[in-house]
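Now for the letters of each chain:
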Amino acid sequence: MTLPDGPKISPLVQLLKWIADPIDYLDICAQSYGDTFTLQLRNFEPLVFLSHPQAIQEIFTADPKLFDSGRANRIVKPLVGENSLLLLDGDRHTSQRRLIMPPFHGERMHSYSQLICAIAQQVASHWKIGQPICVRDAMQDITLQVIVQAVFGLREGARYQQIIPLLTSMLNMTDSPLSSSILFFRFLQKDFGAWSPWGQMMRRKQQIDNLLLAEINERREQPERIGNDVLSLMMSACDEQGQPMTDEELKDELMTLLFAGHETTATALAWAFYWIHKLPSVQEKLWQELQSLGDNPEPMAIARLPYLTAVCQETLRIYPVVFFAFPRVTKVPMEIMGHQFEANTSLFPCIYLTHHREDLYP
Ligand code: HEM
């Protein structure tokens, strides 16, 4: 059975093009091969990218039991740990996800909104009219503090002071094409001591793990420290057999939420500011809508504003931040949009290419 067509250049060159500029590479491939194409990146199984809405619908409405995802995300294991939701499949994924999700629903989210507003106001209070700011840095500052305070439940004290710079430096180690190469090439993953890139990353990760485990331990010993943050809620949750999450699972899920939620949100916000600044008519309409809520509006009232919601959605359409959904690895032979795929084929619903189709968004 053949895979959809794709570039014939060597897998190493394809991987380098992908690391250097994935958006450009996706655009070039879509122009040459259309809705569905196969990339062969060195050290990876062939990856089939799909961007036709019917193909996306067929994948997302198929029985989820027919796919694995976690095993195709192994590349992020050094950052998030082996118990991460991102790496799990089957029953273990379902059970772990049930334990993590409650803090992210309805009322619970309301309780974080005041904290998020306070952090945003505190960061913005340093801005001076007429003085340029780097919006991406400012948004990273906000989202990191939100995760450390609302998710990890650390607000002050020595542990808070220690973890912020450690997380910042670890996240900075993968924020450019050159530095993120370390995750793609196994030969770079060698610990030659604290000065080698991999050695440095592993030491920082170990320090962060130690701080998180110490925090979890302390909360187990002092139940009065259990609060409303995501870690506290995860520590109180039990699965169907009445089992709570282990310390290692809690630590890995905290790193997962940081990894999944920090850079994504900061980048999306930075692009939103870019477009609002670039398009004065959008800025004006948004400003009027916000003014309509009066002074000190309720955070949830802000979240419900229709034009603000449209601006957020359009920003994510233009730059989806995460270019593709997690791979769906077929567990049995499957047909998607008339194409036959064998078991163990990695299918990537490509968010970026779908969002940029002229037939959907003229
Ligand atoms: C603009 C911001 C964000 C974008 C664009 C984004 C995008 C995505 C995408 C595309 C996936 C893959 C979904 C799939 O293939 O099924 C995903 C998964 C995930 N995201 Fe986000 N995300 C954002 C913010 C966040 C935040 C703030 C958190 C939590 C603090 C978070 C936690 C997760 C988790 C835990 C998963 C894995 C879910 C699972 O495996 O069951 N994300 N995200």
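It should be emphasised that the depicted structure is a prediction, and the values quoted were computed from it without experimental measurement. (Residues numbered from 1 in each chain as written. Predicted model: local features only at pLDDT ≥ 70, side-chain atom pairs only at ≥ 80, totals over all residues. Heavy atoms only, no water.)

Asker: I'd love a proper account of helix α6 (residues 106-124), names of residues and values included.
Answerer: The end-to-end C-alpha separation of α6 is 27 Å, in line with the 27 Å expected for 19 residues at 1.5 Å each. The sharpest bend along α6 comes to roughly 30 degrees, located at Tyr-112. Of the positions making up α6, those classed as buried are Tyr-112, Ser-113, Leu-115, Ile-119 and Val-123. Considering only its buried residues, α6 is in contact with α7 (135-151), α11 (230-236) and α14 (299-303). (Helix = DSSP H or I, 4+ residues; strand = E, 2+ residues; numbered from the N terminus. Expected span 1.5 Å × (residues − 1). Bend = angle between axes of the 7 residues up to and from the residue. Buried < 20%, exposed > 50% of the residue type's maximum accessible area, 1.4 Å probe, protein only. Contact = heavy atoms within 4.5 Å.)

Asker: Give me the pattern of salt bridges: which residues, what numbers.
Answerer: When the charged atoms of two side chains lie near each other, side chains of opposite charge can form a pair. On inspection of all chains with the given rule, the structure shows 19 salt bridges. The partner of Lys-8 in a salt bridge is Asp-5, with the nearest N and O atoms 2.6 Å apart. Given the relative accessible area of 66%, Lys-8 is considered exposed. The exposure class of Asp-5 is partly exposed, given its relative accessible area of 45%. Residue Arg-357 is joined to Asp-359 by a salt bridge in which the shortest nitrogen-to-oxygen separation is 3.0 Å. A residue is classified by how much of its surface remains accessible, and Asp-359, at 53% relative accessible area, is exposed. It is possible to trace a salt-bridge network through shared partners that takes in Arg-159, Glu-215, Glu-218, Arg-219 and Asp-229. (Salt bridge = Lys/Arg side-chain N within 4 Å of Asp/Glu carboxyl O.)

Asker: Quick rundown of the site of the ligand? Include the residues and the values.
Answerer: Around the ligand, 16 residues are found, and the nearest of them are His-93, Arg-97, Ala-325, Phe-326 and Arg-328. The separation between an oxygen atom of the ligand and a polar side-chain atom of Arg-97 is 2.5 Å. Taking Phe-326, its main chain carries an N or O atom lying 2.8 Å from an oxygen atom of the ligand. Those elements that provide at least two residues to the shell around the ligand are α5 (90-100) and α12 (247-278). Tallying contributions element by element places α12 first for the shell around the ligand, with six residues. Residues that form the shell around the ligand fall into these classes: 10 nonpolar, four polar and two charged. (Near = heavy atom within 4 Å. Polar contact = N/O pair within 3.5 Å; in protein donor to acceptor, adjacent residues only side chain to side chain. Nonpolar A, V, L, I, M, F, W, Y, C, P; charged D, E, K, R; others polar.)

Asker: Tell me about the nonpolar core, residues and numbers included.
Answerer: Val-148, Phe-152, Ile-163, Leu-167, Ile-208 and Leu-258 are the most contacted members of the largest nonpolar core, which has 53 residues in total. Discounting residues that sit within four places of it in the chain, Ile-163 has contacts with Val-148, Phe-152, Leu-154, Ile-208, Leu-211 and Leu-212. In terms of nonpolar packing, the next biggest core, distinct from the first, is built from 17 residues, Cys-29, Leu-39, Leu-41 and Phe-185 among them. (Core = buried A, V, L, I, M, F, W, Y, C linked by side-chain atoms within 4.5 Å.)

Asker: Any details on the domain arrangement of the chain? Residues and values, ideally.
Answerer: Its domain assignment divides the chain into domain 1 (11-69 + 327-355) and domain 2 (97-264). Between domain 1 and domain 2, the contact holds eight residues from the first and six residues from the second. Here domain 1 meets domain 2 over a buried area of about 580 Å², counting both sides, of which 70% is carbon and sulfur. Run the count over domain 1 and domain 2 and you get zero salt bridges. Scanning the region where domain 1 abuts domain 2 turns up one residue pair in polar contact (both at pLDDT 80 or more). (Domains from an automatic or database assignment. Buried area = accessible area lost by both parts, 1.4 Å probe.)

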